[in-house]
Every structure is written in structure tokens, then in C-alpha cells.
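Residue-level structural notes
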Amino acid sequence: MTPTSPPDDAVLPARHPEAPAPGTAIGSHYVHCFGCGPQQTGGLQMDVRAGEGLDVTAEFVVKPLHQGGPGLAHGGILVTAMDETLGSLNWLLHTAAVTGRLESDFVRPVPVDSLLHIRAWVTGVVGRKIYCAGEGRIGGPEGPVAIRAQALFIQVKLEHFTTHGRPEDIKAALDDPDLFKRARAFEVNP
């Protein structure tokens, strides 16, 4: 058993009644997020969608600026994509949480210009701890597995973000007149 494996007393919670409908785009939690923010031109700009149960899918195209070795995705970019996708599971539970631990296994290289399709799911919850796993496949949901990950997220209160974030960014998020966008800004691991 690893720190990212759910213990025997973990339970699978019910999907929150206000979770997005299956197939619905979850959207960016913050416009400047490197993983999902639409204003991050060098970011991943991931498209994350709610699944049927406690799962989500996400996709992004590996751009030339995401490469590590010549013509291949940087491993840190792939882990970032996994972290963003796994963190989006918290929207299905309607809780704010941050990454406590993330373990990844690189199975095969991902070429630049490839589509990476990621599926992530909740594996259990104990107290404030949310356990989850995911895998990324090249080209689509049936493509070859390129990366696998398991993670432990810890539920936090809004104060986690307002205490530790850069004041001008916190103010901008809190001042947004759209209540939905304001709440979403603090949902996923920054």
C-alpha cells in the first residue's frame, strides 16, 4: 500500500447533486491557471468534462513549447496534465482540495502534436483525504497508455487560498461579480 492508495476504511462518496451533468465541460476554475486557464497561451488549456459517476475525462494537445526531449512532451507537463485532471474530480464532490501527493508512472513517450486523452476517477475518501487515479492515452480513449497516476488530495477551506495566494490575484478573483466564477476560482489546486 502506498500513500496514494485508499485505506481499507475508505468509501466511495455519492456524486454531489449539483455536480455537472455527464458530458458537461467543467471549464476553467481560474483564467490564469496553467492547466486549464484560457488566458494562459503557453499553458495546457485543457478541456475537462464530467463523466457518468465519480470520473472525468480531459484532453490537451502537446504543443512544441511543451517539449522536453526533441519532439517529445516534457515529463513535468504530463504530470501537470494529470494533476489538473485529478484535481477536477473535486468539482464532482463540490469541495475545495489541494494536491497532497501525486505519483506517476511514465509508460511511453508522448510526441509533440499528439492529443493526450486522460481519464481520472475517485478511488476513495476518508475524512478530508480524497484518493484518486488516472491514466493518459495517446490519440484518444482507446490509444496506448502513456502515463498513469495516483494521487491524494486534501480538502481545504477558502482561507488556504486567501492566506497563501498573491494578494492582487486573490482580490481579482474575489472581486469578480460572477458568483459562480468567483467560487470556481478557489476549487482546484492552484
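Remember, it's a predicted structure, so these values are computed and weren't measured experimentally.

Quick look at the overall build of the protein chain
What the protein chain contains, in helices and strands, is four helices and six strands. Across the protein chain, helices and strands are ordered from the amino to the carboxyl terminus as β-β-α-β-β-β-β-α-α-α. Computed over its C-alpha atoms, the radius of gyration of the protein chain comes to 16 Å, within 12% of the 16 Å expected for a compact globule of 190 residues. Each principal axis of the C-alpha atoms in the protein chain carries an extent, and together these give about 40 × 40 × 30 Å. Looking at the protein chain as a whole, 42% of its 190 residues qualify as buried. Taking the contacts inside the protein chain whose residues are at least 6 apart along the sequence as the reference set, 66% of them involve residues at least 24 apart.

As for the nonpolar core
Counting 37 residues, the largest nonpolar core has Met46, Phe60, Leu86, Leu89 and Val110 as the members making the most contacts within it. Every element with two or more residues in this core is listed here: β1 (47-50), β2 (55-61), α1 (75-93), β4 (115-126), β5 (129-138) and β6 (145-155). Take this core: its biggest share by element is nine residues, from α1. Setting aside its immediate chain neighbours within four residues, Val110 contacts Val62, Gly71, Leu72, Ala73, Leu78, Leu116, Ile138 and Ala146.

Quick notes on the pairing of β2
Note that β1 and β2 share four bridges and pair antiparallel. If you follow Val48 over to β2, its bridge partner there is Ala58. Once β1 ends, the chain turns through four residues before running back antiparallel as β2. Looking at chain direction, β2 and β4 are connected through seven bridges and run antiparallel. Residue pairing for β4: Val56 is matched across the bridge by Ala120.

A closer look at the environment of Gly53
Note that Gly53 resides in the loop between β1 and β2. A residue is classified by how much of its surface remains accessible, and Gly53, at 27% relative accessible area, is partly exposed. Distance in space between the C-alpha atoms of Gly53 and Leu92 is 8.5 Å, their sequence separation being 39 residues. In this view, Gly53 contacts Arg15 and Leu92; residues no more than four positions away in its chain are not counted.

Digging into the pattern of salt bridges
Evaluation of the coordinates by the stated rule reveals five salt bridges. Of the charged contacts, one joins Asp47 and Arg49 as a salt bridge, the two residues approaching to 3.3 Å between their closest N and O atoms. The partly exposed category is assigned to Arg49, whose relative accessible area is 33%. Close ionic contact of Glu135 with Arg137 constitutes a salt bridge, the shortest N to O distance being 3.0 Å.

Some remarks on unusual backbone geometry
With phi around 45°, Gln45 is a residue other than glycine that occupies positive phi space. Inspection of the secondary structure assignment puts Gln45 in the segment before β1. Note on Gln45: relative accessible area 34%, which makes it partly exposed. Not every positive phi belongs to a glycine, and Asp113 is a case in point at roughly 75°. As for its placement among the helices and strands, Asp113 is situated in the loop between β3 (97-106) and β4.

Thoughts on the environment of Ser88
You can see Ser88 is positioned in helix α1. Take Ser88: its relative accessible area is 5%, and that puts it in the buried class.

Parameters and conventions
- Residues numbered from 1 in each chain as written.
- Predicted model: local features only at pLDDT ≥ 70, side-chain atom pairs only at ≥ 80, totals over all residues.
- Heavy atoms only, no water.
- Helix = DSSP H or I, 4+ residues; strand = E, 2+ residues; numbered from the N terminus.
- Rg over C-alpha atoms; globule rule 2.2 N^0.38 Å.
- Buried < 20%, exposed > 50% of the residue type's maximum accessible area, 1.4 Å probe, protein only.
- Contact = heavy atoms within 4.5 Å.
- Core = buried A, V, L, I, M, F, W, Y, C linked by side-chain atoms within 4.5 Å.
- Pairing = 2+ DSSP bridges.
- Salt bridge = Lys/Arg side-chain N within 4 Å of Asp/Glu carboxyl O.

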